[in-house]
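An overview of the molecular structure
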Amino acid sequence: MVTREEVYSALGQVMDPEIHRPITELEMVSSVEIDGSGLVKVEVLLTIPGCPMKDRLNRDVTAAVAPLPGVTGVEVALGSMTEEQRAALVGKLRGPGATQQRKITFWGDDSTTRVLAVASGKGGGGKSSVTVNVAEALAAQGHRVAVVDCDIYGFAVPRMLGATGRPVGFNGMIMPLEAHGVKVISIGFFTDGRPVAWRGPMLHRAIQQFLSDVYWGDLDYVLLDLPPGTGDVSISLAQMLPGSEMLLVTTPQEAAERVAILAGRFAQENGLKVTGVIENMSYFVCPSCDERHEIFGSGGGEELARDLDTKLLGRVPLDVRLREGGDSGKPLVISDPDAPASEELLAIAAALPPLAQTLVGKRLTLLT
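Some thoughts on the overall build of the protein chain
Check the secondary structure of the protein chain and you find 12 helices and 15 strands. Overall, the C-alpha framework of the protein chain stretches about 75 × 65 × 55 Å when taken along its three principal axes. Counting only residues that meet the buried cut, the protein chain has 49% of its 368 residues in that class. If you take every contact in the protein chain between residues at least 6 apart in sequence, the share linking residues at least 24 apart comes to 75%. A total of about 17,500 Å² of accessible surface is found on the protein chain, and carbon and sulfur atoms cover 51% of it. Once the 33 positive and 45 negative side-chain charges of the protein chain are each reduced to a mean point, those two points are 4 Å apart.

Dropping the structure here:
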């Protein structure tokens, strides 16, 4: 006969589909009953009534318990947490004092999350394509990654990542969506296709909510897809995330490079480190003759890196599949990791090592 301990152990492998932590750890398992015939009855408390992921949770619980030796059947009953239980869960997730003071959980002196703002001087250079592919490249290398779509007017990240649906919120906390192993939040999840026409204060408030009200969990990297230029959003992020890093995306021609340098100088003037330059659409390899064509000129990325005293992280070639991946919601580094553009993007991701674990506040062992 299966034991309750064995059932709880199996349920410990079931992850909440929105919070991405075991349901046992979140105290979502209300009761487990086993009758003499081997029928297991599990009651699971949903974080909110009518949770849109309840069918998936039902399937996952059944799939985890059914294979245990001695189990003849599984019945899952779905209830919902009380207000007190939800408040306790929020406090557990966000940490002590979070209800009294808003804070950005992945930023601080003791954080090991690397925050990378991906910027460009002008639109049309493939900044969002680079952002989602570098994010997926980092995830493919085993890192925990999130993308914050900060382009409120021209949000493209949801489509490019293939993330659909509407984030669920409870007790003042928002659960991000996830696509291909990358967490993501965007104003595009809330607009139903309508344009956004907001002035500066509303933009600042939206970015603040993305950073402080979304439950991100433990992350190795956060990539911020910035709007082009140096407007309200860039100013807000410089204030909210002082000391974060910037990746500059440019195309090779001088006209684009001379505009991109303004975003780089803005970063430096506001205390942000320009970690590197990514040159996109660097060249095109003719499929018929294998000859390389520099359609948009050459040298812009190198010149930009030199002028900003940083390094050129990579030169991404033109590849129609990169565009197709953005339209279909499956980034190229996932669909074809061996493509030349994918190899360059994977190399760029590898050149961005995670932050080292801090020793501040930790007890050190002395050998005598």
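Considerations on the sheet that holds strand β10 (residues 221–225)
With respect to topology, eight strands assemble into an open sheet ordered β8-β9-β5-β10-β4-β11-β12-β15, the strand pairing being mixed. Looking at strand neighbours, the two that pair on one side only are β8 (177–179) and β15 (312–316), the edges of this open sheet. Pairwise comparison of adjacent strand axes, ignoring direction, gives a mean angle of 25° for this sheet. Pairing of strand β11 (residues 245–250) with strand β12 (residues 273–280) involves six bridges; the strand directions are parallel. Each bridged residue has a counterpart across the sheet, and for Met246 the counterpart in β12 is Val274. Contacting β11, β12 and β15, helix α9 (residues 300–307) runs over the sheet at an angle of about 170° to β12.

Details of the packing of aromatic side chains
Tallied over the full model, the rule gives zero aromatic pairs. The residue whose ring lies beneath Arg292 is Tyr283, and the NZ or CZ to ring-centre distance is 3.7 Å.

So, the pairing of β12
Taken across its eight residues, β12 has seven buried, putting it largely inside the fold. For the handedness criterion, the β-α-β arrangement of β11, helix α8 (residues 254–269) and β12 is classed as right-handed. Inspection of the sheet shows β12 paired to β15 by four bridges, in the parallel sense. Residue pairing in the sheet places Val277 in a bridge with Leu312 of β15.

Concerning the nonpolar core
Residues Val148, Ile207, Leu211, Leu224, Leu237 and Leu248 are the most contacted members of the largest nonpolar core, which totals 40 residues. Per-element tally for this core: the top contributor is helix α6 (residues 200–212), with five residues. If we skip the residues at most four places from it in the chain, Leu237 touches Cys150, Ile207, Leu211, Leu224 and Leu226. Judged by nonpolar contacts, the second largest core, of 36 residues, contains Leu223, Leu247, Leu313 and Leu332.

Thoughts on the environment of Phe189
Within the element layout of this structure, Phe189 appears in the loop between β9 (182–186) and α6. With 24 residues separating them in the primary sequence, Phe189 and Gly165 have C-alpha atoms 6.6 Å apart. Phe189 has contacts with Pro158, Ala163, Gly165, Arg166, Pro167, Leu177 and Val184, leaving out every residue within four places of it along the chain.

Criteria and cut-off values
- Residues numbered from 1 in each chain as written.
- Predicted model: local features only at pLDDT ≥ 70, side-chain atom pairs only at ≥ 80, totals over all residues.
- Heavy atoms only, no water.
- Helix = DSSP H or I, 4+ residues; strand = E, 2+ residues; numbered from the N terminus.
- Buried < 20%, exposed > 50% of the residue type's maximum accessible area, 1.4 Å probe, protein only.
- Contact = heavy atoms within 4.5 Å.
- Areas by Shrake-Rupley, 256 points an atom, 1.4 Å probe, with all protein chains shown as cover.
- Lys, Arg positive; Asp, Glu negative; His and termini not counted.
- Charge placed at Lys NZ, Arg CZ, Asp CG, Glu CD.
- Pairing = 2+ DSSP bridges.
- Axes fitted to C-alpha atoms, helices over the stretch in contact; angles between N-to-C directions.
- Phe/Tyr/Trp six-rings, centres within 6.5 Å; stacked < 30°, edge-to-face > 60°.
- Lys NZ or Arg CZ within 6 Å of the ring centre and 35° of its normal.
- Right-handed = clockwise from strand over helix to strand, strands pointing away.
- Core = buried A, V, L, I, M, F, W, Y, C linked by side-chain atoms within 4.5 Å.

Just distances and angles here, no functional claims.
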